Amino acid sequence: QVQLVESGGGLVQAGGSLRLSCAASGRTFSSYVMGWFRQAPGKEREFVAAISWSGGSTYYADSVKGRFTISRDNAKNTVYLQMNSLKPEDTAVYYCNADITIAAVVAGLEGYWGQGTQVTVSS
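Residues numbered from 1 in each chain as written. Predicted model: local features only at pLDDT ≥ 70, side-chain atom pairs only at ≥ 80, totals over all residues. Heavy atoms only, no water.

**Q** Got a minute to help me understand the overall build of the protein in this structure?
**A** Counting its regular elements, the protein contains 1 helix and 11 strands. The N-to-C order of helical and strand elements in the protein reads β-β-β-β-β-β-β-β-β-α-β-β. Taking 14 Å as the expected radius of gyration for a compact globule of 123 residues, we find that the protein reaches 13 Å, a close match to that expectation. Oriented by its inertia axes, the alpha-carbon framework of the protein measures out at about 40 × 30 × 25 Å. In the protein, buried positions account for 43% of the 123 residues. Sequence-distant contacts, at least 24 apart, represent 58% of the contacts inside the protein between residues at least 6 apart. Total accessible area computed for the protein in this model is approximately 6100 Å², and 49% of it derives from carbon and sulfur atoms. (Helix = DSSP H or I, 4+ residues; strand = E, 2+ residues; numbered from the N terminus. Rg over C-alpha atoms; globule rule 2.2 N^0.38 Å. Buried < 20%, exposed > 50% of the residue type's maximum accessible area, 1.4 Å probe, protein only. Contact = heavy atoms within 4.5 Å. Areas by Shrake-Rupley, 256 points an atom, 1.4 Å probe, with all protein chains shown as cover.)

Below, the structure is given as structure tokens:
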């Protein structure tokens, strides 16, 4: 069992930055691929970014490439999402996900989920 707790959301103006954190507890954090998803009002949850267990490989949705950076600190059991050049369309609840493989995380169908943190970008 893995428990995930997101933090760092808030209200920011367009063009601004935020850093989300996801703290994990439970089973060995470094064994899991980690990912970030988001869900805007009235829309389906969508994949944002993923990072391999070692941090050596990262994957991004086209909509955030070049603006968002995912990273992890296995010593702190934490994964981060640095979000720069934020746009109003980035407004959503952001969720952290943990699963065994990159494919599973990107699919976002199972694994472990946090409760989410709200990000609101004003124009």
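Don't stop here, the text continues.
**Q** So what exactly am I meant to see when it comes to the nonpolar core here?
**A** By size, the foremost hydrophobic cluster in this structure holds 35 residues, and its most contacted members are Met34, Trp36, Val79, Leu81, Met83 and Tyr94. Only β1 (2-7), β3 (18-26), β4 (33-39), β5 (46-51), β7 (68-73), β8 (78-83), β9 (92-99) and β11 (117-122) provide two or more residues apiece to this core. Per-element accounting of this core gives the leading share, 5 residues, to β5. In this structure Leu81 touches Leu18, Arg19, Leu20, Trp36, Val48, Ala49, Phe68, Thr69, Ile70 and Tyr94, once residues within four positions along its chain are discounted. (Core = buried A, V, L, I, M, F, W, Y, C linked by side-chain atoms within 4.5 Å.)

**Q** Explain the pattern of salt bridges here, please?
**A** Oppositely charged side chains can form a pair if their charged atoms are brought close together. As enumerated under the stated definition, the model contains 4 salt bridges in all. Measuring nitrogen to oxygen at the nearest pair gives 2.9 Å for the salt bridge that ties Asp90 to Arg38. Of this pair, Asp90 sits in the loop between β8 and β9 while Arg38 sits in strand β4, placing them 52 residues apart in sequence. Assigned by exposure class, Asp90 and Arg38 land together as buried. Salt bridges here are not isolated pairs; linked through shared partners, they connect Arg38, Glu46, Arg67 and Asp90. (Salt bridge = Lys/Arg side-chain N within 4 Å of Asp/Glu carboxyl O.)

**Q** Could you clarify how one ought to interpret the pairing of β8 in this entry?
**A** Within a regular beta strand, the side chains point alternately toward one face of the sheet and then the other, so they alternate between its two faces. Across the 6 residues of β8, 5 count as buried, placing the element largely inside the fold. Both β3 and β8 contribute to a ladder of 6 bridges, which runs antiparallel. Opposite Ser21, over in β8, you have Tyr80 as the bridge partner. Of the pairings in the sheet, the one linking β7 to β8 comprises 6 bridges and is antiparallel in character. Bridging across to β8, Arg72 finds its partner in Val79. Once β7 ends, the chain turns through 4 residues before running back antiparallel as β8, passing Asn77 with a positive phi of about 55 degrees. (Pairing = 2+ DSSP bridges.)

**Q** Which parts of the structure should I look at to understand the state of the cysteines?
**A** Disulfides are covalent bonds that link the sulfur atoms of two cysteine residues. Scanning the entire structure with this criterion turns up 1 disulfide. Across the disulfide, Cys22 is cross-linked to Cys96 (sulfur-sulfur distance 2.1 Å). Measuring the twist about the S-S bond at about -85 degrees, one finds the Cys22-Cys96 disulfide to be left-handed. Taken together, the residues Cys22 in strand β3 and Cys96 in strand β9 connect sequence positions 74 residues apart. With respect to burial, Cys22 and Cys96 carry one shared label: buried. (Disulfide = S-S within 2.5 Å.)

**Q** Could you clarify how one ought to interpret the sheet that holds β1 in this entry?
**A** Sheets are built from strands that pair by backbone hydrogen bonding, the pairs being arranged parallel or antiparallel. Overall, antiparallel pairing links the 4 strands, which are arranged β1-β3-β8-β7 in an open sheet. Either end of the sheet is taken by a strand with one partner, and the two such strands are β1 and β7. Ignoring strand direction, the axes of neighbouring strands in this sheet form an average angle of 15 degrees. Bridge count for β1 against β3 is 6 bridges, and the pairing is antiparallel. By the bridge assignment for β3, Glu6 is matched with Cys22. (Axes fitted to C-alpha atoms, helices over the stretch in contact; angles between N-to-C directions.)

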